[in-house]
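Here are the chains, one letter per residue:
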Amino acid sequence: MDDMKWTLAGLIHTALINTYPQAEGLPAQEEIAGLLEVPPERDMGDYAFPCFKLSKALRMGPPMIAGALAAAIDAPDVCQAKQLGGYLNFFFNRVQFAQKTVEKVLAAGERYGASDIGQGKTVCLDYSSINIAKRFHIGHLSTTMIGHSLKRIYDHLGYRTVGINHLGDWGTQFGKLISAYKRWGNRQEVEQGGVEALTRLYVKFHEVAEEEEKTSGTHALEDEGRAYFKAIEDGDAEALALFNWFKELTLKDCARVYDLLGVTFDSYAGESFYNDKMDRVIDELRAKELLSVSDGASIVDLSDADMPPCLILKKDGATLYATRDIAAALYRADEYHFDKCLYVVAYQQDLHFRQWFKVVEKMGYPWAKDLVHVAFGMISYEGQTLSTRKGYVVYLEDLLQRAQEKAMAIIEEKSPGLPDKATVARQVGIGAVIYADLFNNRIKDIDFWWDRALNFDGETGPYVQYTHARCCSLLRKAAEQGTADAPADYTGLTDDHAQELLRQMSRFPEAVLDAADKNEPSMVTRAVTEIAQAYNKFYYENRILDAEPGVREARVSLTRAARDVIKTGLYLIGMEAPERM
Ligand code: ARG
């Protein structure tokens, strides 16, 4: 919670006790802090305390209470309190507030908003979780960036975090791929073509299998594919070697994308990692009498939870996606002793997660309540829905390439003399994509448009980065001019614009906490955007470098503080902060 809220809540609390010593059940300081609101209009003050709840307990009209409290609060160093209808409105002592806020930010620097509330706690994050032998397309952007951002946010709050790329590296499709490769592929072509060559082979497999079915009604090719998958499962050396090679190729492909995005993982334990950990799940489900047989398949009945059954084993005894997720959760609980395990996966998989979370609960694991599906919406590209089936895909590597080229074109036009243009183009282009992905509530669908993402005005990545660069530039000029001996005079920060910026900055730590609480990186995106907007207003409305001594120092300090908070905010959503643009 921000310091001002806490301080005001303390003042209200004391005033309440002094004014109504007889009253019972007065709210505690915490509760009061939770009730404080930001008034709708700037001229109504910085915070307002609604007295409607108290009115019942005290059997008195809210305006009466607000008036009595206003009279009882006497703390000119902190604020002025005024009754406004049924509210008690607070107007900060602007000089004190400015000094406190700037000093607090500068003392913390880029650690501003950090905390130790996560000390001794572990959060596992399952994100990106790409599928082997498929190219990284933009459908996997949100899981990758939301997961990466949440990891940084939890780190900032002192948690131990474990980032897991739960690779989709198991299933009959890999048998089919081996079959296709042995029939039509060759090493050189795949070595050169990478995952794209694999995709071509896979598509061909399906075409030929379909043709076979149509012309002769047989499924010899499909059977061959299944047989190869069985060979991988049985540890056949050749099949396994091919499978591992396909996996390596995919990971090499993805590593280029991860490098561009700055995304890292602590573990790549994917579905196949749990091959030898499946028996435990089956045995345990059986021992706990949760398994039943339906149509030859083994299931866990979930009718008491109003859900279709969770499929554990197919007719042929093969395990399923859910079985592997249960095995993975048991493993993570043993290995990492998580306090929370997050699954950053599209909302389409909502039922899957609810089902197997329920199974784990039925198994009697208390940590079932700590499993969280962090769902997000769909992404479309310039108005077009992506569909692998209809052949409309946008590969992430291509998108990031285009982003850098477009950013470079803008830089060439706006600031051709900029040093190290390629680096800045990378930071801005990639940043624009990340920002567009993390701006809205994660559950909302996203439509990605270049014009919107790369606009230097409005709510975009480049806009926020540009504001950071503007602060850096001003600080460089201030350093060149040298420092005056005058101490900072905080009366120079009492105008509405400076105060609005200070207010936004003082709320930043709460935004970070809320973002973790709701697993919602967009709360940080919005906070940092509002700070950037507020800084720009302050910058346009005030003289800074040529202000009188003292005032100049205060405004330069505020600029330094804004720079630190913006840099931290961008870092927490996975963006870089160029110093020149
Ligand atoms: N590989 C899956 C997909 O692309 C996502 C896996 C998500 N993680 C999990 N533990 N189920 O759809």
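Only a predicted model underlies this, so the values are computations on that prediction, with no experimental measurement involved.

> Is there a simple way to explain unusual backbone geometry in this structure?
With glycine set apart, most residues show a phi of negative sign, and most peptide bonds adopt trans. In this structure, Arg59 takes a positive phi of about 50 degrees despite not being glycine. Relative to the helices and strands, Arg59 resides in the loop between helix H3 (52-58) and helix H4 (62-72). Positive phi, normally seen in glycine, also occurs at Asn519, with a value near 50 degrees. The buried category is assigned to Asn519, whose relative accessible area is 6%.

> Help me understand the pattern of salt bridges in this model?
Working definition: two side chains of opposite charge can pair if their charged atoms are close together. Evaluated as defined, the whole model comprises 36 salt bridges. Across the salt bridge formed by Glu238 and Lys182, the nearest N and O atoms sit 2.5 Å from each other. In this pair, Glu238 is assigned in helix H10 (residues 237-261) and Lys182 in helix H7 (residues 172-184), connecting sequence segments 56 residues apart. Take Glu238: its relative accessible area is 45%, and that puts it in the partly exposed class.

> What's the story with the site of the ligand in this structure? I'm lost.
The immediate surroundings of the ligand are formed by Asp126, Ser129, Asn131, His140, His166, Tyr321, Asp325, Tyr343, Val345, Gln349 and Phe353. The side chain of Asp325 places a nitrogen or oxygen atom 2.7 Å from a nitrogen atom of the ligand. One of the side-chain N or O atoms of Gln349 is found 3.0 Å from an oxygen atom in the ligand. Here the ligand has 350 Å² of accessible area as a free molecule, and 88% of this is covered by the chains. At the level of elements, helix H12 (321-336) and strand E9 (340-346) are the ones that each hand at least two residues to the shell around the ligand. For the shell around the ligand, the residue count by class is four nonpolar, five polar and two charged.

> When you look at the sheet that holds strand E4 (residues 122-126) in this model, what are you seeing that I'm missing?
In any sheet, the strands associate via hydrogen bonds between backbone groups, in a parallel or an antiparallel arrangement. Read from one edge of the open sheet, four strands run E5-E4-E9-E10, paired in parallel fashion. Across the chains shown, the open sheet's two edge strands, defined by having one partner strand only, are strand E5 (160-164) and strand E10 (371-376). Averaged over all adjacent pairs, the angle separating strand axes in this sheet is 20 degrees, with direction ignored. In this structure, E4 lies alongside E5, joined through five bridges in parallel fashion. Looking across to E5, one finds that Leu125 is bridged to Gly163. Sheet strands in contact with helix H6 (residues 141-156) are E4, E5, E9 and E10, and its direction is about 155 degrees off that of E9.

> What am I meant to see in the packing of aromatic side chains here?
When we look at a pair of aromatic rings, we describe it by the centre distance and by the angle of the planes. In this structure the tally under the stated criterion is 33 aromatic pairs. Members of the aromatic cluster, joined through ring pairs, are Tyr127, Phe136, Tyr258, Phe265 and Tyr268. The lysine or arginine in question, Arg187, covers the ring of Trp245, its NZ or CZ lying 4.0 Å from the ring centre. A cation over an aromatic ring shows up here: Lys414 above the ring of Phe456, its NZ or CZ 4.3 Å from the ring centre.

> Please clarify how the pairing of strand E1 (residues 47-50) should be interpreted in this entry.
Residues in a regular strand project their side chains so that they alternate between the two faces of the sheet. Neither face of E1 is exposed, since Tyr47 and Phe49 on one face and Ala48 and Pro50 on the opposite face are all buried. Summarising the sheet, E1 and strand E3 (residues 87-92) pair through four bridges and their orientation is antiparallel. Each bridged residue has a counterpart across the sheet, and for Ala48 the counterpart in E3 is Asn89.

> Looking at this structure, how should I read the nonpolar core?
Soluble globular proteins tend to bury their nonpolar side chains together. By size, the foremost hydrophobic cluster in this structure holds 141 residues, and its most contacted members are Ile12, Phe49, Leu88, Phe90, Leu493 and Met505. Among the elements that take part in this core, H10 stands out by supplying 11 residues, more than any other. Discounting chain neighbours no more than four positions away, the residues touching Phe90 are Leu8, Ile12, Leu36, Gly45, Asp46, Tyr47, Phe49, Ile73, Cys79, Gln80 and Ala81. Core analysis: the next-biggest nonpolar cluster, separate from the first, contains 39 residues, Ala269, Val281, Phe338 and Trp367 among them.

> Is there a simple way to explain helix H5 (residues 94-108) in this structure?
An α-helical segment advances 3.6 residues per turn. Residues three or four places apart therefore align on the same side. Compared with an ideal rise of 1.5 Å per residue, which puts 15 residues at 21 Å, H5 spans 21 Å between its outermost C-alpha atoms and is within 8% of the ideal. Those residues of H5 not exposed but buried are Phe97, Ala98, Thr101, Val102 and Val105. Looking down the long axis of H5, one finds its buried residues gathered within 115 degrees of arc, a one-sided arrangement. Away from its buried face by more than 90 degrees, H5 exposes Lys100 and Ala107. Residues of H5 that are buried make contact with helix H1 (3-19), E3, helix H18 (496-518) and helix H20 (551-572). One side-chain oxygen of the residue at the start of H5 lies 3.2 Å from the amide nitrogen of Val95, identifying that residue as Asn93.

> Explain H18 to me, please; I cannot follow it from the model alone.
Relative to the 33 Å expected for 23 residues at 1.5 Å per residue, H18 spans 31 Å between its end C-alpha atoms, a close match to the ideal helical length. In the structure, H18 departs most strongly from a straight axis at Phe508, where the bend amounts to approximately 40 degrees and where the proline Pro509 lies between one and four residues downstream. Two or three places before His497, at the start of H18, stands the capping residue Asp495, its side-chain oxygen 3.1 Å from that residue's backbone nitrogen. After H18 finishes, the residue Asn519 shows a positive phi value of roughly 50 degrees.

> Just checking my understanding: could you explain the pairing of strand E6 (residues 291-294) for this structure?
Pairing analysis gives four bridges linking E6 to strand E7 (residues 297-300), with the strands arranged antiparallel. Directly across from Ser292, in E7, lies its bridge partner Ile299. Linking E6 back to E7 in an antiparallel pair, the connection comprises two residues, with Asp295 at a positive phi of about 60 degrees.

> Sorry, what's going on with the sheet that holds strand E11 (residues 379-381) here?
The mixed open sheet is built from three strands, whose spatial order is E12-E11-E13. The sheet is open, and its two borders are formed by strand E12 (384-385) and strand E13 (446-448), each paired with just one other strand. Relative to E13, E11 runs parallel, the two sharing three bridges. Bridging across to E13, Ile379 finds its partner in Ile446.

> Just to check I follow, could you spell out the environment of Ala488 for this structure?
In this fold, Ala488 is placed in the loop between helix H17 (461-481) and H18. Given a relative accessible area of 31%, Ala488 falls into the partly exposed group. Spatially, the C-alpha atoms of Ala488 and Leu177 are 69 Å apart, while their sequence positions differ by 311 residues.

> Looking at this model, I keep getting lost on the packing of H18 against helix H19 (residues 522-541). Mind explaining?
When two helices pack together, you describe them by how their axes are tilted relative to each other and by the distance separating the axes. Two elements in contact, H18 and H19, have axes separated by 8 Å at closest approach and are oriented at 170 degrees. By the angle between their axes, H18 is roughly antiparallel relative to H19. Counting all contacts with H18, which are made through His497, Ala498, Glu500, Leu501, Gln504, Met505, Phe508, Ala511, Val512, Asp514, Ala515 and Lys518, the residues of H19 involved are Met523, Val524, Ala527, Glu530, Ile531, Ala534, Tyr535, Lys537, Phe538 and Glu541. Of the residues assigned to the contact of H18 with H19, the class counts are 14 nonpolar, two polar and six charged.

Quick notes on the rules
- Residues numbered from 1 in each chain as written.
- Predicted model: local features only at pLDDT ≥ 70, side-chain atom pairs only at ≥ 80, totals over all residues.
- Heavy atoms only, no water.
- Helix = DSSP H or I, 4+ residues; strand = E, 2+ residues; numbered from the N terminus.
- Buried < 20%, exposed > 50% of the residue type's maximum accessible area, 1.4 Å probe, protein only.
- Salt bridge = Lys/Arg side-chain N within 4 Å of Asp/Glu carboxyl O.
- Near = heavy atom within 4 Å.
- Polar contact = N/O pair within 3.5 Å; in protein donor to acceptor, adjacent residues only side chain to side chain.
- Areas by Shrake-Rupley, 256 points an atom, 1.4 Å probe, with all protein chains shown as cover.
- Nonpolar A, V, L, I, M, F, W, Y, C, P; charged D, E, K, R; others polar.
- Pairing = 2+ DSSP bridges.
- Axes fitted to C-alpha atoms, helices over the stretch in contact; angles between N-to-C directions.
- Contact = heavy atoms within 4.5 Å.
- Phe/Tyr/Trp six-rings, centres within 6.5 Å; stacked < 30°, edge-to-face > 60°.
- Lys NZ or Arg CZ within 6 Å of the ring centre and 35° of its normal.
- Core = buried A, V, L, I, M, F, W, Y, C linked by side-chain atoms within 4.5 Å.
- Expected span 1.5 Å × (residues − 1).
- Arc of directions from axis to C-beta.
- Bend = angle between axes of the 7 residues up to and from the residue.
- Parallel < 35°, antiparallel > 145°, perpendicular 65-115°, else oblique.

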